[in-house]
Amino acid sequence: MRAGTEGTGPEGERDPEAGEKPDSAVVRDALGVGIAVGLSGFAFGVTSAGGGLSLLQTCALSLLVFTGASQFALVGALAAGGNPLTAAAGAFFLGVRNTFYGLRLSQLLALPRAVRPFAAQWVIDETTAVTLAQPTRRAARIGFTVTGLSLYLLWNLTTLLGALGAKAIGDTDAWGLDAAGPAVFLALLAPMLTTITERAVAALAVLLGLGLLPVLPAGVPVLAAALAAPITLYVAGRRHGGTRNDTQETQEEDR
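Residue positions are given per chain, counted from 1 along the sequence in the order it is written. Side-chain atom pairs in this predicted model are given and counted only at pLDDT of 80 or more, local residue features only at pLDDT of at least 70, and totals for whole chains, interfaces and linings cover all residues. Side-chain numbers come from the whole structure's heavy atoms, not from hydrogens or water.

**As for the nonpolar core**
Right, on to step 1. For our purposes a nonpolar core is just a set of buried Ala, Val, Leu, Ile, Met, Phe, Trp, Tyr and Cys residues, chained together by side-chain atoms within 4.5 Å. Classification of residues uses two cut-offs on accessible area relative to the type maximum, computed with a 1.4 Å probe and protein chains only: under 20% is buried, over 50% is exposed, and between them is partly exposed. In this structure, Phe66, Leu105 and Phe144 are the most contacted members of the largest nonpolar core, which totals 27 residues.
Right, on to step 2. Helix and strand assignments come from DSSP, with helices taken as H or I runs of at least 4 residues and strands as E runs of at least 2, each series counted from the N terminus. Every element with two or more residues in this core is listed here: helix H2 (41-50), helix H4 (68-79), helix H5 (84-95), helix H6 (97-109) and helix H9 (137-169).
Right, on to step 3. Contact criterion: two residues are considered in contact whenever any of their non-hydrogen atoms come within 4.5 Å of each other. When sequence neighbours within four positions are dropped, the list of residues in contact with Phe144 reads Leu105, Leu109, Ala119, Trp122, Val123, Thr127 and Thr131.
Right, on to step 4. If you look at the next biggest cluster of nonpolar residues, it comprises 6 residues, including Ala30, Ala139, Ile142 and Val146.

Structure representation (structure tokens):
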């Protein structure tokens, strides 16, 4: 997610002249995102319980970790027989992106210091997307709060229901629910890939992850897929550098 500069002041504050948005419209949009994504917690609960985690462990992940991609990555690696440390490392690296979200949101929201540790729990893809879409600081705070609260409550509730219903469903693989996590993550990621470089990183990450899946222990392909970003940026830098050099040489020859 790239933070836009439209409607922002020199210090990251939203420009009050950028256009007001009714509070009701912000709440409606935020609830739409929170409810739509929160329902996928059911798939996580079923997948986690089907992968061998207890009800307490499953619910604790949603309560304390609360980042869907990392949760699915962790339980998926554990269900495949991966080393717990490797599985946790893969989940950790997926969650690192939230740190960068927080750096941007801290400027836009400017929350009191006492509130920031609690708000940090809600810094995820969905709250970031809703917050950055708002034209004013007031709207950004409303969007962040409503999205975070509705999503947190619904995600944890559906996680509990999914874990309780896992026994009734039986084999989760037969129902295809093991694919729900990646599908949700890709649906959230796809709109963010707006440049050729970003799409190249995503494509290379998929190739690395799938290509190494048969030959590496569970959880390790996720870590290897993280190499897609530096590889793509290096190649893009070399290509752009070569283009600039060719342009300079052509200009010198013309002189």
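**Quick word on unusual backbone geometry**
Right, on to step 1. We note that Phe66 has phi near 50 degrees; this positive angle belongs to a residue other than glycine.
Right, on to step 2. Relative to the helices and strands, Phe66 is located in the loop between helix H3 (55-65) and H4.
Right, on to step 3. A positive phi angle, close to 50 degrees, is found at Ala110, a residue other than glycine.
Right, on to step 4. Positionally, Ala110 belongs in the loop between H6 and helix H7 (116-119).

**What to know about the side chain of Asn98**
Right, on to step 1. Structurally, Asn98 is set in helix H6.
Right, on to step 2. Accessibility expressed as a relative area gives 13% for Asn98, which makes it buried.
Right, on to step 3. If near-sequence neighbours (up to four positions away) are discounted, Asn98 is found in contact with Thr67, Val123, Ile124 and Asp125.

**Side note on the environment of Leu132**
Right, on to step 1. Within the fold, Leu132 resides in helix H8 (residues 125-132).
Right, on to step 2. Considered as a pair, Leu132 and Leu105 are 27 residues apart in the sequence and their alpha carbons are 8.0 Å apart.

**Brief notes about H2**
Right, on to step 1. In terms of burial, H2 is a largely internal element, 7 of the 10 residues being buried.
Right, on to step 2. Gly41, Ala43, Phe44, Gly45, Val46, Thr47 and Ser48 are the residues of H2 that are buried.

**Topic: the pattern of salt bridges**
Right, on to step 1. A pair is scored as a salt bridge if a Lys or Arg side-chain nitrogen falls within 4 Å of a carboxyl oxygen belonging to Asp or Glu. All chains considered together, the criterion is met by 4 salt bridges.
Right, on to step 2. A salt bridge links Asp23 to Arg138; the shortest N-O distance between them is 2.5 Å. Here Arg138 lies in helix H9 and Asp23 lies in helix H1 (residues 23-38), a separation of 115 residues in the sequence.
Right, on to step 3. Between Asp29 and Arg28 there is a salt bridge, with the nearest N and O atoms lying 3.8 Å from each other.

All we've got here are geometric facts, nothing functional implied.
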